[in-house]
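A closer look at the structure
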Amino acid sequence: MFTFYDVEVFPHDWLIVFEQDGQITKVHNDRDALMRFLSSVQILVGYNNYSYDDRIIASILKHIDPYETSQKIISGKRFNLRLNNPLTLDVMQEMRQGLSLKEAQANMGLNIVETPIDFDLDRELTSSEIDQVFQYCQNDVLTTKDLFEKRESYFTSKFELVKEFKLPATEVKKTRAQLSASILQAQKYTKADQDRLKIDFDERFFNNSIPQELFDFYKGLQERFEDGEDPNELEKEKLTYTLCGVEHQYGLGGLHGARENYHGTGNYMRIDVSSFYPTLMINHNFISRAAKKPELYQKIYDERLRLKAAEDPKQEIYKIVLNATFGASKSKWNPLYDPRQFNNITTYGQLILTHLIIVLEPYIELIQSNTDGIIIKYENEELIRGMTQDFGDFWGLSFDFDLITKIAQRDVNNYAIQFQNGKI
């Protein structure tokens, strides 16, 4: 089903190596041989091929000089040239931006093979040089296959999304956030940047002992935005506030705070809000205003809960859509882009977690807070569970509880915990 490939281009030569079911096929300056091979390929898989290799093959098939195409790509020149058949997948998709195949090889402890031949060599390659390039190219193809197998679950999830929501097969080329936009039938919301720092505070926030300094911080950002300050800079600002004896960072992201260089043994508990951001999106109508079928989000959410309760692994497909839709609302290039809704979600998340800490404060020692959950030290487990569940009823949230016997943490992002069942 999958054929792995890599392309190398020189002024007078182009070479391609394909790997299919353990068989290596090499093509050199032979368009007809390339066409014959591709006619039997179902799905072509490369590394960074959406940007480079696919366009090189498309140029060869269209009788366009592949070296000229290569130079345009390298120089960053924009032009419209795509490979429409066969379907292609890019192993680099949604990996760390700029991660080269050579760096990936080094990270995996693989042999790095470099070609000593100048890619701008202005003459035809010798037979010896061709052999060297094929060896180099084949090494990259096998690395691409290895990486693909390590990321198989990522690509499987995209195929399952396409199948589950009856999308065209070509949609599998998209990122999961782009697929979420397709599922929700998103169309660009043209006024998305006009109110991006307008926070809609729930009235319940003001009646539950949440510190006024937090409201002043968020309202100050909104006022400065309305006065013309750059929203991109405003969204980077942080407020440091001490809550329950722990210094916390507030902003337009997740809430973070921790007792630094802390370690202890005893009765600890991790309390996580289940599906926090998706639940806030539904409860407070914070789904992107670009979604033309926002009601589908509720259906996906309900179906995910049903499948999760039945321990059906298919629930992971629905979870991807729920989480990716949130992230897409802050992505300028996604049809779901709606930064006001993103900022509303994260602000509500911080304030609700703050409210939970304030409710529990007389009965706990707070160890850390991290976006959608907290770790506490406690004495009365039944009391904590009951108060938290009552809190969940108030806000329309549910919680997961994990009992911990030992913790050692440097800060909020670096810690080790041992659960009551012995798992670390």
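Read on for a plain summary of the structure. (Residues numbered from 1 in each chain as written. Predicted model: local features only at pLDDT ≥ 70, side-chain atom pairs only at ≥ 80, totals over all residues. Heavy atoms only, no water.)

**Quick look at the nonpolar core**
Core analysis: the largest hydrophobic core is formed by 98 residues, its most contacted members being F205, I271, I374 and I376. Here this core gets 10 residues from one element, more than from any other, and that element is helix α13 (residues 339-360). Contacts of F205, omitting those with residues within four sequence positions, involve I210, F215, Y348, L351, I352 and W395. (Core = buried A, V, L, I, M, F, W, Y, C linked by side-chain atoms within 4.5 Å. Buried < 20%, exposed > 50% of the residue type's maximum accessible area, 1.4 Å probe, protein only. Helix = DSSP H or I, 4+ residues; strand = E, 2+ residues; numbered from the N terminus. Contact = heavy atoms within 4.5 Å.)

**Quick look at the layout of surface pockets**
Considered as a void within the structure, the largest pocket measures approximately 560 Å³ in volume. Around the largest pocket, the lining is made up of 17 residues, and of these Y50, S51, D90, Q93 and K173 lie nearest the centre. A breakdown of the residues in the lining of the largest pocket according to their chemical character gives five nonpolar, six polar and six charged. Each pocket or cavity is described by its volume, and for the second largest pocket that value is around 450 Å³. Looking at the second largest pocket, it is lined by 20 residues, and the ones nearest its centre are D6, V7, E8, Y52 and Y136. Elements represented by at least two residues in the lining of the second largest pocket include exactly β1 (2-9), α3 (66-75), α4 (101-107) and α5 (127-150). For the lining of the second largest pocket, the residue count by class is 11 nonpolar, four polar and five charged. (1 Å grid on protein atoms, 1.4 Å probe; cavity = no way out; pocket = protein on both sides within 12 Å on 5 of 7 lines; lining within 4 Å. Points joined across faces, edges and corners; volume = space filled by probe spheres on them. Nonpolar A, V, L, I, M, F, W, Y, C, P; charged D, E, K, R; others polar.)

**Some points on the sheet that holds strand β4 (residues 43-46)**
The strand order β3-β2-β1-β4-β5 describes an open sheet built from five strands, whose pairing is mixed. Because the sheet does not close on itself, it has two edges, and the strands there are β3 (23-28) and β5 (87-90). When strand polarity is set aside, the average angle formed by the axes of neighbouring strands in this sheet is 25°. With three bridges connecting them, β1 and β4 associate as parallel partners. Pairing of F2 across the sheet is with I43, part of β4. (Pairing = 2+ DSSP bridges. Axes fitted to C-alpha atoms, helices over the stretch in contact; angles between N-to-C directions.)

**Observations regarding the packing of aromatic side chains**
Using the criterion set out here, one finds 24 aromatic pairs in the structure. Note on F286 and Y348: the rings are 4.9 Å apart at their centroids and 85° apart in plane angle, and the pair reads as edge-to-face. Placement of F286 in the loop between α10 (276-283) and α11 (295-309) and of Y348 in helix α13 is noted, with a sequence separation of 62 residues between them. Judged by relative accessible area, Y348 falls into the buried class, the value being 3%. (Phe/Tyr/Trp six-rings, centres within 6.5 Å; stacked < 30°, edge-to-face > 60°.)

**Thoughts on the packing of α10 against α13**
Between α10 and α13, the least distance of the axes is 10 Å, while the angle of their chain directions is 110°. By the angle class used here, α10 and α13 are roughly perpendicular. Residues F276, Y277, L280 and M281 of α10 form the contact with α13, whose own contacting residues are I345, T346, Y348, G349 and I352. Residue composition of the contact of α10 with α13, by class: seven nonpolar, two polar and no charged. (Parallel < 35°, antiparallel > 145°, perpendicular 65-115°, else oblique.)

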